[in-house]
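Given next are the chains, with one letter for each unit.
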Amino acid sequence: MPAFERLVSESTGLADPFPILSTLRADPVLSHHLAPGTIVAIVDAVNVADQITRWPEMTKQISVADRIVVTKGNRVTPARSLPAFAEASL
């Protein structure tokens with residue numbers, strides 16, 4: 001079997017990304033074979049403001065992400081969703 005070029009780790013829902021990233025960096029065996037690449041967060045534009053208020057993991061996901069994919073963007077105005085993103089990135 002050929003060596004893997006990429007490994008994708010997906011955590012469904014709201015999960016704190018730091019334990020996974022810390023493990024990849026701190027474990028000598030894992031860090032020798034794996035390096036974190038692009039981190040992508042999927043954000044529901046309709047519910048982002050409520051989720052940031054209720055779930056601290058949401059802010060962590062947004063702040064650590066290299067890329068953010070916004071779903072349901074056609075259902076909200078920028079005035080409703082942009083303040084939530086700005087708060088999460090602080």
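Chemist: I'd love a proper account of the overall build of the chain, names of residues and values included.
Modeler: A count of helices and strands for the chain gives five helices and two strands. For the chain, the sequential pattern of α-helices and β-strands runs α-α-β-α-α-β-α. Counting the 90 residues in the chain, one finds 22% classified as buried. Counting contacts in the chain only where the partners sit at least 6 residues apart, residues at least 24 apart contribute 72% of the total.

Chemist: Tell me what's going on with unusual backbone geometry, and back it up with residues and numbers.
Modeler: Positive phi outside glycine occurs at K72, with the angle close to 60°. Note on placement: K72 falls in the loop between β2 (67–71) and α5 (78–88).

Chemist: Give a detailed account of the nonpolar core, specifying residues and quantitative values.
Modeler: Judged by nonpolar contacts, V43, V48, I52, M58 and I62 together constitute the single largest core of five residues. Only α3 (48–54) and α4 (56–64) provide two or more residues apiece to this core.

Chemist: Residues and numbers for the pattern of salt bridges, please.
Modeler: This model, assessed by the stated rule, comprises three salt bridges. In this structure, the salt-bridge partner of D50 is R54, at a minimum N-O distance of 3.4 Å. Of the two residues, D50 and R54 are both situated in helix α3; the distance of four residues between them amounts to about one turn of the helix. Accessibility expressed as a relative area gives 40% for D50, which makes it partly exposed. You can call R54 exposed: its relative accessible area is 52%.

Chemist: Quick one: what's the story with a nonpolar patch on the surface, residue by residue and with numbers?
Modeler: Taken together, the side chains of V40, I42 and V69 make up a nonpolar region of the molecular surface, amounting to roughly 250 Å² of accessible area. Along the chain, I42 turns up in strand β1 (residues 40–44). Judged by its relative accessible area of 52%, I42 is exposed.

Chemist: Could you give an account of the environment of T23, with specific residues and numbers?
Modeler: Summarising the element assignment, T23 is placed in helix α1 (residues 18–26). T23 sits in the partly exposed class, given a relative accessible area of 41%.

Chemist: Just give me the short version of the environment of V70, but keep the residues and values in it.
Modeler: Summarising the element assignment, V70 is placed in strand β2. V70 gets classed as partly exposed once you look at its relative accessible area, which sits at 41%. When the C-alpha atoms of V70 and A45 are compared, they prove to be 6.1 Å apart, with 25 residues separating the residues in sequence.

About the cut-offs
Throughout, a residue's number is its position along its own chain's written sequence, starting from 1. The predicted origin of the model limits local features to residues at a pLDDT of at least 70 and limits the giving and counting of side-chain atom pairs to 80 or more, whereas totals for whole chains, interfaces and linings rest on all residues. Side-chain numbers here rest on the full set of heavy atoms in the structure, without hydrogens or water. Helix and strand definitions follow DSSP, with helices as H or I runs of at least four residues and strands as E runs of at least two, each counted in order from the N terminus. For each residue, the accessible area found with a 1.4 Å probe, counting protein chains only, is set against the maximum for its type, and the residue is called buried under 20%, exposed over 50%, and partly exposed in between. What makes two residues a contact is simply this: any of their non-hydrogen atoms within 4.5 Å. Side-chain atoms within 4.5 Å link the members of a nonpolar core, which is a set of buried Ala, Val, Leu, Ile, Met, Phe, Trp, Tyr and Cys residues. We define a salt bridge as a contact between a side-chain nitrogen of Lys or Arg and a carboxyl oxygen of Asp or Glu at a distance within 4 Å. Think of a patch as exposed residues, more than 30% relative accessible area, with no salt bridge, where like charges cluster within 9 Å and nonpolar side chains (Val, Leu, Ile, Met, Phe, Trp, Tyr) cluster within 5 Å. Per-residue and other accessible areas were derived by the Shrake-Rupley procedure at a 1.4 Å probe size, with only the shown protein chains allowed to occlude residues.

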